[in-house]
There are 6 protein chains.
Amino acid sequence: MDTSIFIHEKAIVEPGATIGAKTRVWAFAHILPGAVLGEDCNICDSVFIENQVRIGDRVTIKCGVQVWDGITIEDDVFVGPNVTFANDRFPRSKQYPEKFLQTIVHTGASIGGNATLLPGIQVGAHAMIGAGAVVTRDVPAYAIVVGNPARIHGYVSTTNSKTVQSQNSGTEPEALSVARAKLVKLPRIVDLRGGLSFGEVDRHLPFVPKRFFVIHDVPSVEVRGEHAHREQHQFLVCLKGSCSVVLDDGKNRNEVLLASPQLGLYLPPMVWGIQYKYTPDAILLVLVSDVYDADDYIRDYDVFLKEVNQGHG
Amino acid sequence: MDTSIFIHEKAIVEPGATIGAKTRVWAFAHILPGAVLGEDCNICDSVFIENQVRIGDRVTIKCGVQVWDGITIEDDVFVGPNVTFANDRFPRSKQYPEKFLQTIVHTGASIGGNATLLPGIQVGAHAMIGAGAVVTRDVPAYAIVVGNPARIHGYVSTTNSKTVQSQNSGTEPEALSVARAKLVKLPRIVDLRGGLSFGEVDRHLPFVPKRFFVIHDVPSVEVRGEHAHREQHQFLVCLKGSCSVVLDDGKNRNEVLLASPQLGLYLPPMVWGIQYKYTPDAILLVLVSDVYDADDYIRDYDVFLKEVNQGHG
Amino acid sequence: MDTSIFIHEKAIVEPGATIGAKTRVWAFAHILPGAVLGEDCNICDSVFIENQVRIGDRVTIKCGVQVWDGITIEDDVFVGPNVTFANDRFPRSKQYPEKFLQTIVHTGASIGGNATLLPGIQVGAHAMIGAGAVVTRDVPAYAIVVGNPARIHGYVSTTNSKTVQSQNSGTEPEALSVARAKLVKLPRIVDLRGGLSFGEVDRHLPFVPKRFFVIHDVPSVEVRGEHAHREQHQFLVCLKGSCSVVLDDGKNRNEVLLASPQLGLYLPPMVWGIQYKYTPDAILLVLVSDVYDADDYIRDYDVFLKEVNQGHG
Amino acid sequence: MDTSIFIHEKAIVEPGATIGAKTRVWAFAHILPGAVLGEDCNICDSVFIENQVRIGDRVTIKCGVQVWDGITIEDDVFVGPNVTFANDRFPRSKQYPEKFLQTIVHTGASIGGNATLLPGIQVGAHAMIGAGAVVTRDVPAYAIVVGNPARIHGYVSTTNSKTVQSQNSGTEPEALSVARAKLVKLPRIVDLRGGLSFGEVDRHLPFVPKRFFVIHDVPSVEVRGEHAHREQHQFLVCLKGSCSVVLDDGKNRNEVLLASPQLGLYLPPMVWGIQYKYTPDAILLVLVSDVYDADDYIRDYDVFLKEVNQGHG
Amino acid sequence: MDTSIFIHEKAIVEPGATIGAKTRVWAFAHILPGAVLGEDCNICDSVFIENQVRIGDRVTIKCGVQVWDGITIEDDVFVGPNVTFANDRFPRSKQYPEKFLQTIVHTGASIGGNATLLPGIQVGAHAMIGAGAVVTRDVPAYAIVVGNPARIHGYVSTTNSKTVQSQNSGTEPEALSVARAKLVKLPRIVDLRGGLSFGEVDRHLPFVPKRFFVIHDVPSVEVRGEHAHREQHQFLVCLKGSCSVVLDDGKNRNEVLLASPQLGLYLPPMVWGIQYKYTPDAILLVLVSDVYDADDYIRDYDVFLKEVNQGHG
Amino acid sequence: MDTSIFIHEKAIVEPGATIGAKTRVWAFAHILPGAVLGEDCNICDSVFIENQVRIGDRVTIKCGVQVWDGITIEDDVFVGPNVTFANDRFPRSKQYPEKFLQTIVHTGASIGGNATLLPGIQVGAHAMIGAGAVVTRDVPAYAIVVGNPARIHGYVSTTNSKTVQSQNSGTEPEALSVARAKLVKLPRIVDLRGGLSFGEVDRHLPFVPKRFFVIHDVPSVEVRGEHAHREQHQFLVCLKGSCSVVLDDGKNRNEVLLASPQLGLYLPPMVWGIQYKYTPDAILLVLVSDVYDADDYIRDYDVFLKEVNQGHG
């Protein structure tokens, strides 16, 4: 065995297990014959790793975790102490499913201590699962989830991220750090007959809309959007209630709360957008620069990043 | 005096009063010297008519009504029994205003028995005031008002009027009897994440919008709109709650209930529009074909009719 | 003319009008040729009575009232000052309906001063219309109505009427003054898992039910019931919200508020019942002693009184 | 008869009626023998006045009004056309109460056209009843009432009255035109744990409170206060919801809307205060400078005015 | 020791512990002297089992579980990884209760990974506890519980179970797979005066009711019913809101959602019934074929099964 | 090594670790060189203790717990099985914070099985954390917290603690067991115009207030107060909704529910106060005996206890 590998004398590494260079295995850990571990991992006390398991490089697994058949952990993942995985949705003693449900924890994700993951879950790249969370659905890339059952609480900040205050007091459009996106203050007239907000092309909208849509009745746990447009421009106004919009141009990231019918958000093409934290009464108006075209949508974040880097945007 | 006129022997018509041909004045009626009455009127028992009063042709005034200085009643009006007019907003004994407030009851209007009209009211042509109503504001042409205080309950049907069912099941725009107006069924997508309605230029909108506004928090007693556009096109969607829209091209009249975010109403230029019966939670989105231009608005129904007949529309 | 009749020297009774003995007609009153008035009536100053009018005995009509063609006023009715009747639902000057709508004010009813009655209304026997009310629907016998539009506010007490407190503290059925009707306190068990009320044959129900029905979502202005059963027994429990029940055996009358799922009301056969003042959330359970039989229902109060007096009950 | 009196030739003034100097009685009016009318009154066409009636000086009674036995109208009152009084709460034809209910319309009050007053009502001095109102309760002095049933809508302005905007932006106490009363802006701290408003002696309160009370759950139709203190100071803060306060020092009058927990109102002694227009959720905190003392209250507005003029305040 | 038993060389089985045939004990597990384990169990890595513990046959205990004094695990139970039991309600270091609270996990139950069970809990036969649940109350047989705190989410399906759609469109009673139970569509009449549903003996009810009860205000977490009747018939209608009823005749199982006052559910004798998922506003009417008799109730599911199999039903 | 110490043969205590007398370390436990453990501790199977850890005397740590660098556990603490600590708020594999967040579990606290504590938490003395709770904020002394996220559910009773019923029926102030604190029944006057509660200096308030503040819109999860005053007196009235107040004079402890505007709570100086369990609509009025003075506040419970024992109070 590679001498850069450390196996504590009280650990059990069964013959046949594959252990990468510089990986350390601590006391009372137990690794079954079929397991494959990458390089530079840290496998702490009392960790148990079954056979049909693949673990990437630079993974940390803290004490008291079991990694069952069917679980894949990619590079750079952190698994907190006593995290509990599962591979059978309705376990009964002595009854085994034909195939275990596959759980994948993608690159760079982090799972807080004592979290529970139901079988068959995908944890997106760089997502963060709160300590004690009970994860019952897939977790999007970069999402932060907490609670029982776990709900999206926010998105992981990147170095260039910025949360924008929603109420600019002036009337000039306000630039965001995400390329070419803008926050626009809309005029409002209130009289005895009620309130009226409006926006005009050029003065408030940097494009002529050819399509509009309205999103409403979104359950508060839901996330919408999660795509970018290749050519189309969008303009968002939350007419009632509020929601949060995450914008991402591949380099910078903003989060904007739309909580007033006076606040418009301009989204240019090639900006990844996510809307979430809808209040129960939220009504989101979206104006778009062209008619619907399925080819204009990028729905896979990796494809989006690739096109951004090819200079599409 | 014209022998076609009938004056009951117990009536008092003061010298100087002007009475049109074929008009009848019944017992205990009392007409002061300055009053001017048109032809073919019927002035019933105990009616009292002051000096500065003009009454048109073919007017019926039932028993127990007083017509005070400052009141004008146009042709073909019906005034029910015990209807009560006023000409002083804050009457105090022995204190007189410099000039009495002017009340005008326009052609063809009908005032139900025992209704009360505050001073300075305009009752629009062909409007109908319910029995016992207390009218505290001007009444639009064709409106039906009831209650204390009186609120608009509906609009008088004309021969060419039509109330349109709001839910057309097909996807084709539905023509209305009002010239070139259309009801448009908007696509809607509902899934676990909520509902989404949208509309596109050409497919749903017959114009490119350059302005939008949103009407909300309208007290239910209020009427909005009441104007026509000379050049601009409008598209209305009620995103939440509901409201009723009356359309009138000068010849035909429609009433449409907007009660679904899936229902768009296209209003071409030279259509008079009225919106009323807002629910408390109603949010009305209006898309307009051009930026705001005060000269594009016709706010006087008579001007509108004149321009329609000049072939403007 | 009968010398017991008094006609004020300033009154006008047109030749052909029929005036009963002891009736008095005061100054500035005007009675047209076809009218028929009963005995011992009092027709005050400035009253106007048209041709197709029938007025019973002992009727009082106060000043400023007009009684139009098509209106019938039965015996012992009181019509307050300035009360306003109508006989044309959509009056337009010089346009007359083929036949005037018939209004009937039944025996013993009272109409408060300045009330307005729409055309075609039936005012039930002994009903009382509040001063200033605007009556837009038929008024049941004995009902008290007020407001604009007028709503039922209660029922007139008779000498033998009694309003029953709904919460008897004991467990014994409580007799009412209406023959054989009973209020029954039902047992109730409340624990952490919720509340449970129950009733059993013999202990609480004086009959074995063969039918049940449930009334709900009654608009608060509505009255239900208004009938008696010839043979069937009923048992009413208001499971949620509240409603008022008026019981009447032809001699005595009770009003009971059902406001608790613990309060059952037993209605024997030949008791007239009315339910009204439903709260918006009221749910009324009715258990009945036999299956539905249309012949068992008496829906006309006069028929009911007749059958009661024939000893049916 | 005094030659300054004018009686129209078609009027009937029965022998025995008392008519004051300069009073005019117009056509078809009818005054019974026992009536007593003051000087300089104007009794218009078709007015009917019974026997047990006292009418003061300078009273105007417009056409179509009947004044029944038991009604007193004080000086300077205006009674609009077709106003309807009553003197029997439950009128039945040919059944008379032992004594008619007494209605008194106090000095300077005005009754709008076609209003209805139930029997036994007191209309306070200078009060104003809206046209078409149905008055079912006593009306306070200076109050304006409208609707069916009539509710207080406001208070009559006097020459020196002023409605104060409730939100002064500065932090200095703001003087009102009512002597020594002040509006005080209170500090407010809002953080994640909620909001907090406070006030301190000297900085915000011009006295040391020895008593506080809290008013809540006031039905919106109700009026509270309606008294002055001889020696005690008060400080009012509306913690939730809102209410309106009318202040009156006998010369000047202010109306203040308390709609923010940040707004304090200081009421010095000898200021008459009325609170009304409570929202359903209103909670009014009152700090007072001394413990309760019944002798400190003046509850009769006339007594208050007398003490003010004696220099008490 | 029985050679069919496998003890991993790194496990510690203290002398005195009883291990059944074919049972396997894996690495780092530790079994104290008093423990009794059945046959064919699987005791995984790092499991700790104290002295006063009884474990049945075919039990699986996954890694990282401790089974404390006072815990009994019956046959065929599955205990997921890191499941945490307790035996002291208010643990304090070095303070011991006189007797540990007894926890029993009944036959065939399954406890999801990382679940927490408070002390003294009974987990019913075949119940399923969701991963990460925190169980604070007893869990009924077959129930599925999830969350923190754990609430009943549903009931485990058996081979013969069926969830019934609540709205049969026809009018014929619909048979269920549970013996002789039926869903009955009740007639409903809706007009402007509200809604009315009814049912009659023979047409809708297969028995004459002698008792009724009404269940309301059930907190949504509560389960009611959980018993069978030996002789009595029941008929359930949910008049407002909704609740779910589980029926079980010992062989087949149905779940019915009662969500309409038009839907009646007939439960014959010897059917085990459970009601749960009450909405906050649910009102459940139950008609029963005889008066209350405590001996008619079977409240223990095992007794019910025994009587069913003895042919009682 | 002290022979009173027991180390199981399968445990690993690294050289350099400090173990107090009478402490026991069980199988598969692993203690790193830098750890310091007090006397008479019980360290159960599979516990892992890192280097920068200090553990007091008489501490119990049940199976499956890891105690990481940066965690301090004071005397007499109980740590239940599988409790999971953390020391890095945003753990990423192979990325280490400069300094681990410090977690302190104070004297006598108890942590239920499978609870999760986020990094940097302070658990107050004698607090109790429910099984399965996920603790995301500091836990006050004596508090009981449960749920995910954990919320305060109550406070641990001490020998001298007493929960006070909020409605004393008499009018005398009611002494509490906390020194000099009093519950005061405030007078209340309810009539048709609403309700009114008041309090007066001397009669109800034992001091003259110079300051008042109002707390409102408190999210229900929040705790306010948590301080004592050195010199100032307070008087609390909950005007709407309710909240609970914990009082503590260092020897005795009371919990009072303020749920009526009629109930005042007098807090003398040197009483520690906590307010929690605010209903969403709660409005708490606080009268204070002097203007704001930061030096009058004691915000650290230990400082408070010290000053109490120095006879300050």
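Residues numbered from 1 in each chain as written. Chains lettered and ligands numbered in written order. Predicted model: local features only at pLDDT ≥ 70, side-chain atom pairs only at ≥ 80, totals over all residues. Heavy atoms only, no water.

Novice: Would you explain the relation of the copies chain C and chain E in this entry?
Specialist: Two copies of one chain are present, and they are related through a rotation about an axis combined with an axial shift. After a rotation of 180° and a shift along the axis of 0.0 Å, chain C superposes on chain E with an RMSD of 0.1 Å. Here the two chains are linked by the operation of a two-fold rotation axis. Considering only C-alpha atoms, the residue of chain C closest to the rotation axis is P209 of chain C, which sits at 3.2 Å. Looking at chain C, 100% of its interface residues are interface residues in chain E too, so the copies touch through the same face. (Least-squares fit on C-alpha atoms with pLDDT ≥ 70 in both. Contact = heavy atoms within 4.5 Å.)

Novice: Any chance you could explain empty space enclosed by the protein here in plain terms?
Specialist: A probe matching the size of a water molecule, rolled over the atoms, marks out where space remains unfilled. Under the definition given, this model contains six cavities of 30 Å³ or more. Its volume calculated, the largest cavity comes out at about 190 Å³. Across the lining of the largest cavity, the residue classes break down as 10 nonpolar, 13 polar and three charged. Approximately 140 Å³ is the volume attributed to the second largest cavity. Forming the boundary of the second largest cavity are 17 residues, of which G64 of chain B, S46 and G64 of chain C together with S46 and G64 of chain D lie nearest the centre. Classifying every residue of the lining of the second largest cavity by side-chain character gives four nonpolar, 12 polar and one charged. (1 Å grid on protein atoms, 1.4 Å probe; cavity = no way out; pocket = protein on both sides within 12 Å on 5 of 7 lines; lining within 4 Å. Points joined across faces, edges and corners; volume = space filled by probe spheres on them. Nonpolar A, V, L, I, M, F, W, Y, C, P; charged D, E, K, R; others polar.)

Novice: Help me understand the confidence of the model for chain A, please; the structure alone is not making it clear to me.
Specialist: A low pLDDT means the predicted coordinates there should not be read in detail. Counting all residues, the mean pLDDT for chain A is 87, and 91% of those residues have values of 70 or more. Here the prediction assigns the complex a pTM of 0.71, and the interface score ipTM is 0.80. (pLDDT = per-residue confidence, 0-100.)

Novice: Which parts of the structure should I look at to understand the interface of chain C and chain E?
Specialist: The parts lose accessible area when they come together, and the size of an interface is often stated as this lost area. With 39 residues of chain C at the contact, the number on the chain E side is 39 residues. Summed over both sides, the interface between chain C and chain E buries roughly 3,300 Å², with carbon and sulfur atoms accounting for 63% of that surface. The tally of links between chain C and chain E comes to eight residue pairs in polar contact (both at pLDDT 80 or more). Element by element, the count of residues in the side of chain C that touches chain E is highest for strand β26 (residues 194–200) of chain C, at seven residues. For the side of chain C that touches chain E, the per-class residue count stands at 24 nonpolar, five polar and 10 charged. (Buried area = accessible area lost by both parts, 1.4 Å probe. Polar contact = N/O pair within 3.5 Å; in protein donor to acceptor, adjacent residues only side chain to side chain. Helix = DSSP H or I, 4+ residues; strand = E, 2+ residues; numbered from the N terminus.)

Novice: Help me out: how do you make sense of the sheet that holds strand β17 (residues 122–123) of chain F in this one?
Specialist: One key point about sheets: their strands pair by backbone hydrogen bonds, in either a parallel or an antiparallel sense. All names here are of chain F. Taken in spatial order, the six strands of this open sheet run β3-β6-β9-β12-β14-β17, and their pairing is parallel. A single partner strand is all that each edge strand has here, and the edge strands are β3 (18–19) and β17. Examined bridge by bridge, β3 and strand β6 (residues 36–37) share two bridges and lie parallel to one another. Across the sheet, the residue bridging to I19 is L37, located in β6. (Pairing = 2+ DSSP bridges.)

Novice: Please clarify how the pattern of salt bridges should be interpreted in this entry.
Specialist: Here the idea is simple: oppositely charged side chains can pair when their charged atoms come close. Per the stated rule, a full pass over the model turns up 31 salt bridges over all chains. Here E307 of chain C makes a salt bridge to R230 of chain C, at a shortest N to O gap of 2.6 Å. One end of the pair, E307 of chain C, is in helix α1 (residues 301–309); the other, R230 of chain C, is in the loop between β28 (224–229) and β29 (234–240), with 77 residues separating them in the sequence. Here R230 of chain C falls in the partly exposed class, since its relative accessible area comes to 23%. Shared partners join several salt bridges into a network, and the residues in it are R211 of chain A together with E200 and R203 of chain B. (Salt bridge = Lys/Arg side-chain N within 4 Å of Asp/Glu carboxyl O. Buried < 20%, exposed > 50% of the residue type's maximum accessible area, 1.4 Å probe, protein only.)

Novice: Whenever I open this one, the environment of Y276 of chain E confuses me. Can you help?
Specialist: Residue and element names in this part refer to chain E. With respect to the helices, strands and loops of the structure, Y276 is situated in strand β32 (residues 272–276). The spatial distance from the C-alpha of Y276 to the C-alpha of R92 is 37 Å, given a sequence separation of 184 residues. Setting aside residues up to four positions removed in sequence, Y276 forms contacts with I152, H153, G154, Y155, E222, V223, C243, S244, V246 and E255. Of note is the side chain of Y276, whose polar atom sits 2.9 Å from the side chain of E255.

Novice: How should I be thinking about the interface of chain B and chain D in this particular structure?
Specialist: Listed as interface residues are 25 residues of chain B and, on the opposing side, 33 residues of chain D. Across the chain B to chain D interface the summed buried area is about 2,000 Å²; carbon plus sulfur atoms make up 55%. Interface area lost by chain B to chain D is led by R92, S93 and K94 of chain B, which between them contribute 31%. For the interface between chain B and chain D, the tally reads one salt bridge. The salt bridge partner of D40 of chain D is K94 of chain B, with a shortest N-O separation of 3.5 Å. Taken together, the residues of the side of chain B that touches chain D break down into 12 nonpolar, nine polar and four charged.

Novice: How should I be thinking about the arrangement of the chains in this particular structure?
Specialist: In this assembly nine pairs of chains touch, with chains C and E having more contacts than any other pair. One thing to see here is that chain B and chain E don't touch, and their nearest C-alpha atoms sit 19 Å from each other. Contact between chain B and chain F is absent, and the least distance between their C-alpha atoms amounts to 23 Å.

Novice: Explain the sheet that holds strand β15 (residues 110–111) of chain B here, please?
Specialist: Residue and element names in this part refer to chain B. Reading across the sheet, the nine strands line up as β1-β4-β7-β10-β13-β15-β18-β20-β21 and stay open at both edges, with mixed pairing between neighbours. Both edges of this open sheet fall to β1 (6–7) and β21 (151–155), since each of them pairs with a single strand only. Examined bridge by bridge, strand β7 (residues 42–43) and strand β10 (residues 60–61) share two bridges and lie parallel to one another. Counted as the bridge partner of I43 is I61 from β10.

Novice: Looking at this model, I keep getting lost on unusual backbone geometry. Mind explaining?
Specialist: A negative phi angle is the norm for most residues apart from glycine, just as the trans form is the norm for most peptide bonds. Residue P149 of chain C is bonded to the preceding N148 of chain C through a cis peptide linkage, with omega at 0°. Residue position: P149 of chain C is located in the loop between β20 (143–146) and β21 (151–155). Notably, D40 of chain B is not glycine yet its phi reads approximately 60°, a positive angle. Looking at the secondary structure, you find D40 of chain B in the loop between β6 (36–37) and β7. For N114 of chain F, which is not glycine, the phi dihedral falls at a positive 65°. Looking at N114 of chain F, the relative accessible area reads 4%, which means it is buried.

Novice: Would you take a moment to explain the relation of the copies chain B and chain D for this structure?
Specialist: With an RMSD of 0.8 Å, chain B superimposes on chain D once it is rotated by 115° and translated 0.2 Å along the axis. Such a combination of rotation and displacement between the chain copies is what one expects of a three-fold axis. Judged by C-alpha distance, N148 of chain B is the residue of chain B that lies nearest the rotation axis, at 3.8 Å.

Novice: Would you explain the packing of aromatic side chains in this entry?
Specialist: Describing an aromatic ring pair means giving the distance of the ring centres and the angle of the ring planes. By the definition in use, this model includes 60 aromatic pairs over all chains. Ring centres 5.9 Å apart and planes at 35° place the aromatic pair Y301 of chain C and F304 of chain C in the tilted group. Here Y301 of chain C pairs with F304 of chain C, and both are found in helix α1, just three residues apart, close to one helical turn. According to the relative accessible area criterion, F304 of chain C is buried, its value standing at 0%. Summarising the aromatic geometry, the rings of W272 of chain E and F304 of chain E are spaced 5.6 Å apart at their centres and angled 40° between planes, so their arrangement reads as tilted. Pair noted here: W272 of chain E is in strand β32 and F304 of chain E is in helix α1 (residues 301–309), with a separation of 32 residues, a long-range link. When its relative accessible area of 6% is taken as the criterion, W272 of chain E is described as buried. What links up through ring pairs into an aromatic cluster is the set Y142, W272, Y301 and F304 of chain A. Taking NZ or CZ as reference, R253 of chain E lies 4.1 Å from the ring centre of Y142 of chain E, over its face. (Phe/Tyr/Trp six-rings, centres within 6.5 Å; stacked < 30°, edge-to-face > 60°. Lys NZ or Arg CZ within 6 Å of the ring centre and 35° of its normal.)

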